[in-house]
Every structure is written in C-alpha cells, then in structure tokens.
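One letter stands for each residue in the lines below.
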Amino acid sequence: MPDSSTTPQPRPVTVVTGGSRGIGAATCIRLAADGHDLALGFVSNAEAAERTAAAVRAAGARCVTVRADTAEEADVERLFDTAAEQLGPVTGLVNNAGVTGPLGRLADTSAETLRRVVDVNLLGYLLCCRRAAKDMAAVGAGAIVNLSSVAATLGSPGDFVHYAATKAATDALTIGLSKELGPDGIRVNAVAPGMIDTDMHATAGDPGRADAAVPGIPLGRVGSAPEIAAAIAWLLSGEASYVTGTVLRVSGGR
Ligand code: NAP
C-alpha cells in the first residue's frame, strides 16, 4: 500500500463560469492558491479572462480559458469537454456567471431583458449543474457552489425583481440537487452575497449603487470579491465535507 501521507494527491479540477471578472476572478485566484486547476469560462471579455488566467498560473495552477455563453447548451458542453480534455476529470463547479439587465421596475423592463436574465442566471445554472452532475457521478465525488444573492430573500424592488426571482430559483435548485446528488458523493451549496464591489452595479446602470447601500448594511461597508471567494473556497474544500444543501449568506448582516 502506498503511504497516502507522501503520495501526491491529484489537484482538483474546477470549472468557474464568469471567471474573467469580479467574484469569479477572485474565486479563480483563491482556488489556485488552494491547489485547484481551473477551467475559466467567460462570455466576451477575453482580455480580462487572460489577465485572471495569468494570475492563476502565477499561483502555480494550470488554467484553460474558454469563451462559453452559459445560456447556450453547446457552449456549456464545450466548456466541460475542454476542462476534462486539458485538465482531467472535473470535480468542482462554481456556477457564477450572472447578469441583471438595467436597473428599473418590472413594469418598465423589456421582455428581451427578462429572457436574457432567466436564460443566463437560471437556465445557465441548470445546464452547468446537469453536466457537472454527470461528470462528478462518474468520478463518485464532487462539489458544486451556486452563486445566489441576498436578493433571493430581499426581492430587490425597483431594481430588478426578475433577477431576485432567478436567485430564489438558485436556492431551490441548490436544495433539490443536494438531495438528488448526495448519494453520489456530490455536495451542492450556494453562497448568497450582499452588496459586493464589482463591475455589476455599473453594468446595471449605477456605479454608485453599492456605496449608496452602506447605511443599510449592519457591518457598515460594501463587501469585496475575495471575501466571497473565501466562502466559495471553503464550501468546495474538505473542511466542508458534511455541508450540503445550504445557502451561506455573506452579506455583512443584510
Ligand atoms: P460581474 O463583475 O458583472 O462579472 C460577471 C461575470 O460573468 C464576468 O466574468 C462575465 O464575463 C460573466 N458572464 C456574464 N454573462 C455570461 C454568460 N452568459 N456566460 C458566461 N459568462 C458570463 O459580476 P459579479 O458581481 O462578479 O457577480 C458574480 C455572481 O455573483 C453573479 O451570479 C451575481 O448575480 C452574483 N452576485 C453579485 C453581487 C454583487 O453585489 N456584485 C451580489 C450578489 C450576487 P465577461 O467578463 O466575458 O463579460
């Protein structure tokens, strides 16, 4: 019998969707430091993806970047195929790619925006979970972390109730899938960030949105992407080996 204390353990291979910027990029960098090899998905910003990949490689990890729109089944399949071919069997998924559309009341939101937000935030998560479930069941182990939001329980009135609805669906997906996949040795959890300093708010149309929320945050400040990455990394790690079906709120108390 080889001595497991001296036999090098294989590095976990983890897919991070939306790994180019924001929470996804911080997660890639954190996971690289924790010993993961990474398939980094992005949809359009190749420059940001390569910048994050360079930081991941500098931390000693292997990293493949894949342009993949998670709302497209074929793109999701190609993302996971590339990860398996270039890095090895996938045992981790961070379902992170998300969009809000422009800020506004539901009555003023176009059907095109509603469809895109549901396609990326819900269908995309389902497609990635579906493929991860197959790949991880074949290995007999794995962990999935879905990015939810405090919006799932706060509802985001006036900003994006459609986005909040997709995040509530993420919580239901997490609970149901954890029960479905537990017997296969696969854990499924979610992280629900509060107001985090990323491009998301400017993309939604209000660069000052995060700072404006500070008076309503008990800890009195906006959160950072590495603080969310730390929670994701913990849920993926062996330290969380008995944790499944949970939504971990990381929100400064909101
Ligand atoms: P972000 O800074 O806007 O970055 C979004 C990332 O998702 C980018 O890497 C982007 O790729 C990628 N992406 C967008 N649409 C995609 C698609 N269709 N297919 C593949 N990738 C796509 O966002 P973030 O703030 O880091 O948010 C990450 C996750 O956390 C989201 O699920 C979000 O809902 C959730 N969250 C964020 C906050 C917050 O305050 N920031 C709070 C709660 C929850 P490109 O670089 O190629 O555009």
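An unreviewed UniProt entry annotates the protein chain as SDR family NAD(P)-dependent oxidoreductase originating from Streptomyces sanglieri. Word for word, the UniProt comment on the protein chain under Sequence similarities (unreviewed entry) is "Belongs to the short-chain dehydrogenases/reductases (SDR) family."

### Re the packing of helix H1 (residues 22-33) against helix H9 (residues 225-236)
Two elements in contact, H1 and H9, have axes separated by 8 Å at closest approach and are oriented at 55°. Classified by the interaxial angle, the pair formed by H1 and H9 is oblique. Pair H1 / H9 crosses with right-handed handedness. Where H1 approaches H9, its residues Gly22, Ile23, Ala26, Thr27, Arg30 and Leu31 are matched on the opposing element by Ala225, Pro226, Ile228, Ala229, Ala230, Ile232, Ala233 and Leu236. The class makeup of the residues in the contact of H1 with H9 is eleven nonpolar, two polar and one charged.

### Concerning the environment of Leu106
For Leu106, the location among the structural elements is in the loop between strand S4 (92-95) and helix H4 (111-139). When the C-alpha positions of Leu106 and Pro157 are compared, they lie 8.5 Å apart, and in sequence the two are 51 residues distant.

### Concerning the sheet that holds strand S1 (residues 13-16)
Strand order across the open sheet formed by seven strands is S3-S2-S1-S4-S5-S6-S7, with parallel pairing between neighbours. Each end of this open sheet is capped by a strand with a single partner; those strands are strand S3 (63-67) and strand S7 (247-250). Strand-to-strand twist of the sheet, defined as the mean angle between neighbouring strand axes without regard to direction, takes the value 15°. Here five bridges tie strand S2 (residues 37-42) to S3, and the two strands are oriented parallel to one another. Paired with Leu40 across the two strands is Thr65, which belongs to S3. Across the sheet, helix H3 (residues 73-87) is in contact with S1, S2, S3 and S4; its angle to S3 comes to roughly 160°.

### Re the packing of H1 against helix H2 (residues 46-58)
Packing of H1 against H2 leaves a shortest axis separation of 8 Å and a crossing angle of 15°. What the angle tells us is that H1 and H2 run roughly parallel. For the element pair H1 and H2, the recorded crossing hand is right-handed. Where H1 abuts H2, its residues Ala25, Cys28, Ile29 and Ala32 lie against Thr52, Ala55 and Val56.

Conventions adopted
Residues numbered from 1 in each chain as written. Predicted model: local features only at pLDDT ≥ 70, side-chain atom pairs only at ≥ 80, totals over all residues. Heavy atoms only, no water. UniProt positions renumbered as here; feature names shortened; annotations may be inferred. Axes fitted to C-alpha atoms, helices over the stretch in contact; angles between N-to-C directions. Helix = DSSP H or I, 4+ residues; strand = E, 2+ residues; numbered from the N terminus. Parallel < 35°, antiparallel > 145°, perpendicular 65-115°, else oblique. Left-handed = near helix turned anticlockwise from the far one by under 90°. Contact = heavy atoms within 4.5 Å. Nonpolar A, V, L, I, M, F, W, Y, C, P; charged D, E, K, R; others polar. Pairing = 2+ DSSP bridges.

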